[in-house]
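Report on the structure
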Amino acid sequence: MRRSSIIGTIVLLLSLATGHAYAHAMLDHAEPRVGNKISTAPRAVTLWFTQKLEPAFSNITVTNSKGERVDVGKTRVSGNQMSVSLRAAGTGTYRVNWRVLSVDTHTTEGNFTFQVGE
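1. Describing the overall build of the protein chain
Looking only at helices and strands, one finds 1 helix and 8 strands in the protein chain. When the helices and strands of the protein chain are read in sequence order from the N terminus, they spell out α-β-β-β-β-β-β-β-β. Buried positions account for 31% of the 118 residues belonging to the protein chain. Considering only residue pairs separated by 6 or more positions, the protein chain has 56% of its internal contacts joining residues 24 or more positions apart. Per element, the accessible surface of the protein chain, about 7,600 Å² overall, is 54% carbon and sulfur.

So this is what it looks like as structure tokens:
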């Protein structure tokens, strides 16, 4: 009897821990890739997340190495994908900042960089 109680408790704790891991929309992958070095500046940044996003409360901003914003237009959201167009801004390090609200009402945010140049 005691052994089955311990096993039941372990199963319950594992299921709670696993359920919590998927409670937020986390960045799955990006284009340009996180930390990547590319030869020419991209025309857009696209991010994919682990959950569907609420378009009205999700956005991306991108700055160049001088801290100037290079994103143009409105962030586009479709399902779990989000993208924004960029203006040409030359070589250097770009910082992508994102903030999303998933359909389960949890907000997450983060940032990463990529480099442009030879």
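The rest of the description comes next.
2. Details of the sheet that holds strand β7 (residues 92-101)
Two orientations exist for strands paired in a sheet by backbone hydrogen bonds: parallel and antiparallel. The strand order across the open sheet formed by 4 strands is β2-β8-β7-β4, and the pairing between neighbours is mixed. Of all the strands in the sheet, the pair left with one neighbour each is β2 (37-38) and β4 (59-63). Both β2 and strand β8 (residues 107-116) contribute to a ladder of 2 bridges, which runs parallel. If you follow I38 over to β8, its bridge partner there is V116.

3. A few points about the sheet that holds strand β3 (residues 44-49)
Taking strand neighbours across the sheet as the criterion, the 4 strands line up as β1-β3-β6-β5 in an open arrangement whose pairing is antiparallel. If you trace the sheet from one side to the other, it starts and ends with β1 (27-31) and β5 (71-78), each paired once. Between one strand axis and the next, the sheet turns through 15° on average, direction left out of account. In the sheet, β3 pairs with strand β6 (residues 81-86) via 5 bridges, with the strands oriented antiparallel. Paired with T46 across the strands is S83, a residue of β6.

4. Some words on the pairing of β6
With 5 bridges joining them, β5 and β6 adopt antiparallel strand pairing. Counted as the bridge partner of D71 is L86 from β6. Counted between consecutive antiparallel strands, the loop separating β5 from β6 contains 2 residues, among which G79 sits at a positive phi close to 65°.

Definitions and limits used
- Residue positions are given per chain, counted from 1 along the sequence in the order it is written.
- Local features in this predicted model are restricted to residues of pLDDT 70 or higher, and side-chain atom pairs are both shown and tallied only at a pLDDT of 80 or more, whereas totals for entire chains, interfaces and linings draw on every residue.
- Side-chain numbers come from the whole structure's heavy atoms, not from hydrogens or water.
- The secondary structure listing takes helices from DSSP runs of H or I that are at least 4 residues long and strands from runs of E that are at least 2 residues long, numbered from the N terminus.
- Each residue gets one of three labels from its accessible area relative to the maximum for its type: buried under 20%, exposed over 50%, partly exposed in between, using a 1.4 Å probe on protein chains only.
- Between two residues, a contact is recorded if the distance between any of their heavy atoms is within 4.5 Å.
- For the accessible areas, the method is Shrake-Rupley and the probe is 1.4 Å, while residue cover comes only from the protein chains on display.
- Here, any two strands with at least 2 DSSP bridges between them count as paired.
- As a rule, the C-alpha atoms of each element are fitted with a line to give its axis, helices using only the stretch in contact, and angles between N-to-C directions run from 0 to 180 degrees.

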